[in-house]
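Topology and contacts: notes
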Amino acid sequence: MEVYHLYSGGKDSSLAAYILSRLGYDVILVTINFGLLDSWKYAKETAERLGFKHKVVPLDQSILEIAAEMCIKDGHPNNAIQFIHEKALEEVAKLEYVERISDGTRRDDRVPLLDQRRTRSLEDRFNVQYIRPLLGLGYKTIRELTEKLFAIEVKESEKLEKSDYEVELRYLLRNRGIDPLMIFPKRHLQSRVLGWKKEKAHL
């Protein structure tokens, strides 16, 4: 049973992929890219170290342009990240032969997170199963599990080499002469999984 799992290379999406694999799914990690930067390569590198298949799925730059406008209008990135995430899920769901899609959204997330109505709409419109392995887990549990499983690098968002939506969104804002730190939280720490903490880690 294949599942196409949105993947940034961070600890949440890595833990979700691990759980899916332990449940017996054939997990294909999917990183979204808008073509402005080759930031997808960090997720691909981590995927290879963890032993998962990896695929890059392009998303139209017009979606990023709309997200940038939302950031500027709102003065924060929340609605923009939610917008991109929903478009990413839809794009993956449209891929040929895809029956199951997944992500690493967790219980404590405010964005991105699909409510019940949007979840049902996604599944009905694209005839897919949308699986969220971390939805019942809180921050402390995820931290405990990921620290046991993975070697993790933690840095400020602006300095971390990563593959999430923020990277190209920040880049586009900078190109428009807008300092991303006026929109994104200052001194916001994010993580990137570098590989297994030890070979063939087990819980």
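Summarised in this report is the structure supplied together with it. This structure is a prediction, so every number in the text was calculated from the model and none was measured.

Details of the overall build of the protein
- Counting its regular elements, the protein contains seven helices and seven strands.
- Along the chain direction, N to C, the helices and strands of the protein fall in the order β-α-β-α-β-α-α-β-α-β-α-β-α-β.
- Relative to the globule expectation of 17 Å for 203 residues, the C-alpha radius of gyration of the protein, 16 Å, shows essentially globular dimensions.
- Along the longest, intermediate and shortest principal axes, the C-alpha atoms of the protein span 45 × 40 × 30 Å.
- Considering the protein as a whole, with its 203 residues, one finds that 49% of them fall into the buried category.
- Relative to all contacts within the protein whose residues are 6 or more apart in sequence, the contacts with residues 24 or more apart total 78%.
- By element, 48% of the accessible surface of the protein is carried by carbon and sulfur atoms, the whole surface being about 10,600 Å².

Let's talk about the packing of aromatic side chains
- Scanning all chains against the criterion turns up two aromatic pairs.
- Between Tyr18 and Trp196 the ring centres are 5.7 Å apart and the planes differ by 70°, which places this aromatic pair in the edge-to-face class. Taken as a pair, Tyr18 in helix 1 (residues 11–22) and Trp196 in strand 7 (residues 189–196) lie far apart in primary sequence, 178 residues in all.
- Overall, the relative accessible area of 5% leaves Tyr18 in the buried class.
- Pairwise contacts between aromatic rings join Tyr18, Phe150 and Trp196 into one cluster.

Re the pairing of strand 2 (residues 26–33)
- Counting buried positions along strand 2 yields seven of eight residues, so the element is predominantly enclosed.
- Alignment of strand 1 (residues 2–6) against strand 2, held across five bridges, turns out to be parallel. If you follow Glu2 over to strand 2, its bridge partner there is Asp26.
- Read as a crossover between parallel neighbours, the route from strand 1 over helix 1 to strand 2 is right-handed.
- Pairing geometry for strand 2 and strand 3 (residues 53–58), over six bridges, is parallel. Pairing of Leu29 across the sheet is with His54, part of strand 3.
- The parallel pair strand 2 and strand 3, bridged by helix 2 (residues 40–50), forms a crossover whose chirality is right-handed.

Each value, and the rule that gives it
Position labels on residues start from 1 in each chain and follow its written sequence. Local features in a predicted model are, by the rule used here, given only for residues with pLDDT of at least 70; side-chain atom pairs are given and counted only at 80 or more, and totals for whole chains, interfaces and linings are based on all residues. Hydrogens and water are ignored here; the side-chain numbers use all heavy atoms of the structure. In this text, helices come from DSSP runs of H or I with a minimum length of four residues, and strands from runs of E with a minimum of two, each type numbered from the N-terminal end. Using C-alpha atoms as the atom set, the radius of gyration is obtained and then compared with a globule rule of 2.2 Å times the number of residues to the power 0.38. Burial classes follow relative accessibility: with a 1.4 Å probe on protein chains only, a residue under 20% of its type's maximum area counts as buried, one over 50% as exposed, and anything between as partly exposed. Contact definition: two residues touch when any of their heavy atoms are within 4.5 Å. Per-residue accessibility takes into account occlusion by the displayed protein chains alone, with areas from the Shrake-Rupley method and a 1.4 Å probe. A pair of aromatic rings is counted whenever rings of Phe, Tyr or Trp (Trp by its six-membered ring) have centres within 6.5 Å, and the orientation is called stacked for planes under 30 degrees apart, edge-to-face for over 60 and tilted otherwise. Each pair of strands is called paired provided DSSP finds at least two bridges between the two strands. When the strands point away from the viewer, a crossover counts as right-handed if the path from the first strand over the helix to the second runs clockwise.

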